[in-house]
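# Chain and residue survey
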Amino acid sequence: MHAVAMIGAGRIGRIHAANIAAHPRLRLACVADVAADAADALAARHGARATDVVTALTDPAIDAVVIASPTALHGDHMLATAEANPGRAIFCEKPIDLDLGRASAVVERLDRIGARVLIGFNRRFDPHFAALGARLTAGAIGPVEAIHIVSHDPAPPPVDYLASSGGLFRDMVIHDFDMARWLLGAEPVGVFASAACLIDPAIAAVGDVDTARTILRTADGRLCTISSSRRSGYGYDQRIEAYGAGGMIRVGNVTETTLETWGPRGGSTDPLQNFFLDRYAQAYVNEIAHFADVIDGAAPQVTLHDGIAALALAEAAARSALSGRMETP
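All values derive from a computational prediction rather than experimental measurement.

Cut-off values and rules
- Residues numbered from 1 in each chain as written.
- Predicted model: local features only at pLDDT ≥ 70, side-chain atom pairs only at ≥ 80, totals over all residues.
- Heavy atoms only, no water.
- Helix = DSSP H or I, 4+ residues; strand = E, 2+ residues; numbered from the N terminus.
- Rg over C-alpha atoms; globule rule 2.2 N^0.38 Å.
- Buried < 20%, exposed > 50% of the residue type's maximum accessible area, 1.4 Å probe, protein only.
- Contact = heavy atoms within 4.5 Å.
- Areas by Shrake-Rupley, 256 points an atom, 1.4 Å probe, with all protein chains shown as cover.
- Core = buried A, V, L, I, M, F, W, Y, C linked by side-chain atoms within 4.5 Å.
- Phe/Tyr/Trp six-rings, centres within 6.5 Å; stacked < 30°, edge-to-face > 60°.
- Lys NZ or Arg CZ within 6 Å of the ring centre and 35° of its normal.
- Arc of directions from axis to C-beta.
- Polar contact = N/O pair within 3.5 Å; in protein donor to acceptor, adjacent residues only side chain to side chain.
- Pairing = 2+ DSSP bridges.
- Axes fitted to C-alpha atoms, helices over the stretch in contact; angles between N-to-C directions.
- Parallel < 35°, antiparallel > 145°, perpendicular 65-115°, else oblique.
- Nonpolar A, V, L, I, M, F, W, Y, C, P; charged D, E, K, R; others polar.

On to the overall build of the protein chain. Of regular secondary structure, the protein chain possesses twelve helices and 14 strands. A globule of 329 residues ought to have a C-alpha radius of gyration of about 20 Å, and the protein chain, at 20 Å, matches this closely. Principal-axis analysis of the C-alpha atoms places the extent of the protein chain at approximately 60 × 50 × 45 Å. Going through the 329 residues of the protein chain one by one, you find that 49% of them count as buried. Sequence separation of 24 or more characterises 72% of the internal contacts of the protein chain that already satisfy a separation of 6 or more. Put simply, the protein chain shows about 14100 Å² of open surface, and 55% of that area lies on carbon and sulfur atoms.

In structure tokens:
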């Protein structure tokens, strides 16, 4: 079994730790977090040991490292891991950094080292979206001409979180930028975004927006539109439509159950799954399963350069929302 170190014992760290512990080829060896109590509790839950970050990143007995620390530390933690053991597999949550220049410098150093890194864009591993990607690759509707992505959260996160999140485009829409690149099979060369604060003035007070519409354009004119909102009012809305000469392929929302109730006035379904950890639970399982393959030598399906490309689109969208012009990533 491969010994895995978990850096970060917060919400997403707890998800990854449970999936590591449940995987037949992986063993959660240690957990590190600046909050020692959180590390102790998570380690105890899965029969691991709690340790400090430096030890977890450099211990030669560790085969792989999962980084779910605060974004500002992602680059430092990846570099420390790779420099201590260049062959060790690394899984790092998105984004690489909130600043494209700093992220690019980190990736350049990691490339020189030859680091093997999987970046945590979990939606590529969602069974529904993975099936969509496979259908498009198989040519089910011919060459993709347009993509439409809807990503609306049920409610905004705490304003304290938004104040340091990097903004709507870097924190939230970056997932959709990665999906757009993946499904289009091409790099967007133009980004136009319009954004507003319509939900909570406190979000504007910390310099962020809560509602946006973004258009991505490839060099050959194909388009992706992205609808983003911090509050849907009806649940966690995650839909994608792809269009080609042969028709349309659509991934709809996932409800809490498949139960439907019908009567004289029509039908109703159960509510949408209302939290990202519920909606993407299987995606996180599949992501760690792929990381196990990466440890064994497989090429990461989501690379450092995917992380840079998505961040470049996020920065271009943020610039466009301010300038009112189409921007180049």
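Next up on the list: the nonpolar core. Membership of the largest hydrophobic core comes to 92 residues, with the highest contact counts inside it found for M78, I96, I147, F169, F177 and F291. Setting aside its immediate chain neighbours within four residues, F177 contacts F169, T214, L216, I226, A310, L313, A314 and A317.

Among the secondary structure elements, F291 is positioned in helix α11 (residues 281-295). Among the residues examined, F291 registers a relative accessible area of 1% and is labelled buried. In contact with F291, not counting residues within four places along its chain, are A64, V65, V66, A89, I90, F91 and L118.

What follows covers the packing of aromatic side chains. Summed over the entire model, instances satisfying the criterion amount to four aromatic pairs. Centre to centre, the rings of F129 and Y280 are 6.3 Å apart; their planes meet at 45°, and the pair counts as tilted. A residue pair is termed long-range when its members are at least 10 positions apart, and F129 in helix α6 (residues 127-137) and Y280 in the loop between α10 (276-279) and α11 qualify at 151 residues. Both residues of the pair, F129 and Y280, count as buried. The ring of F129 carries R279 above its face, with NZ or CZ at 5.3 Å from the centroid.

Along α6, the positions that sit buried rather than exposed are F129, L132, G133 and L136. Projection of α6 onto a plane perpendicular to its axis shows the buried side chains occupying an angular sector of 95°, all on one side. Contacts from the buried residues of α6 go to β7 (144-152), α8 (168-184), β11 (237-244), β12 (247-251) and α10. One side-chain oxygen at the N-terminal end of α6 lies 3.1 Å from the backbone nitrogen of H128; it belongs to D126. One or two positions beyond α6, positive phi appears at G139, with a value near 80°.

This part is about the sheet that holds β11. Taken in spatial order, the six strands of this open sheet run β8-β9-β10-β7-β11-β12, and their pairing is mixed. Either end of the sheet is taken by a strand with one partner, and the two such strands are β8 (188-196) and β12. Strand-to-strand twist across the sheet, computed as the mean angle between neighbouring axes with direction ignored, equals 10°. Note: β7 against β11, eight bridges, orientation antiparallel.

Quick look at the packing of α6 against α8 now. For any two helices packed against each other, one specifies the inter-axial angle together with the distance between the axes. Running from amino to carboxyl end, α6 crosses α8 at an angle of 30°, the nearest separation of the two axes being 9 Å. For the element pair α6 / α8, the angle class is roughly parallel. Contacts from F129, A130, L132, G133 and L136 of α6 reach α8 at M179, W182 and L183. A per-class count over the contact of α6 with α8 returns seven nonpolar, one polar and no charged.

Relative to the helices and strands, I147 is located in strand β7. For I147, a relative accessible area of 2% translates into the label buried. Separated by 173 residues in the primary sequence, I147 and S320 have C-alpha atoms spaced 20 Å apart. Setting aside residues no more than four positions away along its own chain, I147 makes contact with L183, L184, L223, C224, T225, I240, E241 and A242.

Moving on: helix α2 (residues 36-45). Those residues of α2 that sit buried are A39, L42 and A43. Buried residues in α2, looked at end-on, bunch into an arc of 100°, giving them a common side. In α2, those exposed residues whose orientation departs by more than 90 degrees from the buried face are D37, A44 and R45. Lining the buried residues of α2 we find α1 (11-22), β2 (26-32) and β3 (49-51). One or two steps after α2, the chain reaches G47, where phi turns positive at roughly 70°.

On their own, these measurements won't tell you what the molecule is for.
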